[in-house]
Amino acid sequence: MSSIPARRALITGITGQDGSYLAEFLLDKGYEVHGIIRRSSSFNTDRIEHIYQDPHEKGVRMKLHYGDLADSAGLMRLVQEVKPDEVYNLGAQSHVRVSFDEPEYTVDVVGTGTQRLLEAVRAYQDWAGKQVRYYQASSSEMFGKVHEVPQRETTPFHPRSPYGCAKVMGHWLTVNYRESYGMHASCGILFNHESPRRGETFVTRKITRAVGRIKLGLQDKLYMGNMTAQRDWGFAGDYIEAMWMMLQQPEGDDYVVATGTMISVQEFADMCFAQVGLDSKDFIEIDPRYFRPAEVEELLGDPTKAKEKLGWEPKTSVEELARMMVESDLELARREKTLRDAGHQVAGRI
């Protein structure tokens, strides 16, 4: 009796926060996972080292491929080589503030890169005669200067950054390919989602990293920008389940994925500093360099459709998220302090 072959998923952005959680999730479900990584002179696979295996080993279920959302020919080749059942487009230049400094690159990768991948998937479907289910990582930043609170799938977009504009482009391209070619393509409009794997330049991780370092005497101050901005923050580990659920539906669709609650950056910082018995007001200073040319003041998602149609619910509160991130970064700071102290001891003996 022959065994049923594992479903095969292709993930762009697999080395990022969401990509690493999604790879874990799909492997646990028995998938064969393929990830696209950009070629560089240094490794950037820290988030997936614990699940990555030697591709030459027998029975390996995860493999990495060099590729880039800026390379249409390479994407065509990779999709035809991997032969995926599902494609998750998580790759991006995803830092909003950086998108003002590198707008052309951001739009090329986030916007045009989505078109390149969609076209590669469409061409493969036509060639292979099989359906590929496609997930597009849309963003709450598309709402920008919000037209209603909370924001839902029907709320008009008004992006306030090159990143938000590029995400709107990728979102509508995905809808267009679904309507024009009958592709099973879904857009997840994910609101802010964080974790200990979040990049250290993103505001929540910047805060929790500083909390650990300040508590252990490795840092004196935390320099911040807009502290009054309000966000709907959830746990990335919860949100990737919603991505997968979208691709298990009979047809593609668009969904807001959020917690439905909102707090300010200041409140999040207060919460994190309180975890270690400190008052944020003693350590935070405002630096105008961290303000954006156009600010997004409040983002609050309405996840009703995802709850009713997908059966998805966020499991982690913002308080639990803050505690999780602070504990992780406190441990990281301890290791950093141990290494620093050991270096001082060696230097003292020279």
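In this text, all values refer to a predicted model and were calculated from it rather than measured experimentally. (Residues numbered from 1 in each chain as written. Predicted model: local features only at pLDDT ≥ 70, side-chain atom pairs only at ≥ 80, totals over all residues. Heavy atoms only, no water.)

## Points about the nonpolar core
- By size, the foremost hydrophobic cluster in this structure holds 61 residues, and its most contacted members are I11, I14, L26, Y88, Y135, I207 and F268.
- By residue number, the principal contributor to this core is helix 7 (residues 236-246), which donates eight residues.
- For I207, the residues in contact, after removing those within four places along its chain, are L222, M224, V265, F268, A269 and C272.
- Ranked by size, the runner-up nonpolar core spans 20 residues in total, among them L75, L78, V121 and L173. (Core = buried A, V, L, I, M, F, W, Y, C linked by side-chain atoms within 4.5 Å. Buried < 20%, exposed > 50% of the residue type's maximum accessible area, 1.4 Å probe, protein only. Helix = DSSP H or I, 4+ residues; strand = E, 2+ residues; numbered from the N terminus. Contact = heavy atoms within 4.5 Å.)

## Comments concerning the pattern of salt bridges
- Enumeration according to the criterion identifies 29 salt bridges in this entry.
- R77 is the partner of E81 in a salt bridge, and the nearest nitrogen-oxygen pair spans 3.6 Å. Note that E81 and R77 are positioned in helix 2 (residues 72-82) at a spacing of four residues, about one turn of the helix.
- The class of R77 is partly exposed, set by a relative accessible area of 45%.
- In this structure, R209 engages E200 in a salt bridge whose closest nitrogen and oxygen atoms are separated by 3.3 Å.
- Relative accessible area serves as the criterion here: at 13%, R209 is assigned to the buried category.
- Bridged by salt links that share partners, the residues E200, R205, R209, R213, D329 and E336 form one connected network. (Salt bridge = Lys/Arg side-chain N within 4 Å of Asp/Glu carboxyl O.)

## Let's talk about the packing of aromatic side chains
- Under the defined criterion, the tally for this structure stands at eleven aromatic pairs.
- Considering the side-chain rings of F157 and W172, the 6.1 Å spacing of their centres and the 65 degrees angle between planes classify their relative orientation as edge-to-face. Placement of F157 in the loop between strand 5 (133-139) and helix 5 (162-181) and of W172 in helix 5 is noted, with a sequence separation of 15 residues between them.
- Taken together, F143, F157, W172 and F191 form an aromatic cluster joined through their ring pairs.
- The residue whose ring lies beneath R197 is Y21, and the NZ or CZ to ring-centre distance is 4.0 Å.
- Seen from the ring of Y290, K206 lies directly overhead, with NZ or CZ sitting 3.6 Å from the centre. (Phe/Tyr/Trp six-rings, centres within 6.5 Å; stacked < 30°, edge-to-face > 60°. Lys NZ or Arg CZ within 6 Å of the ring centre and 35° of its normal.)

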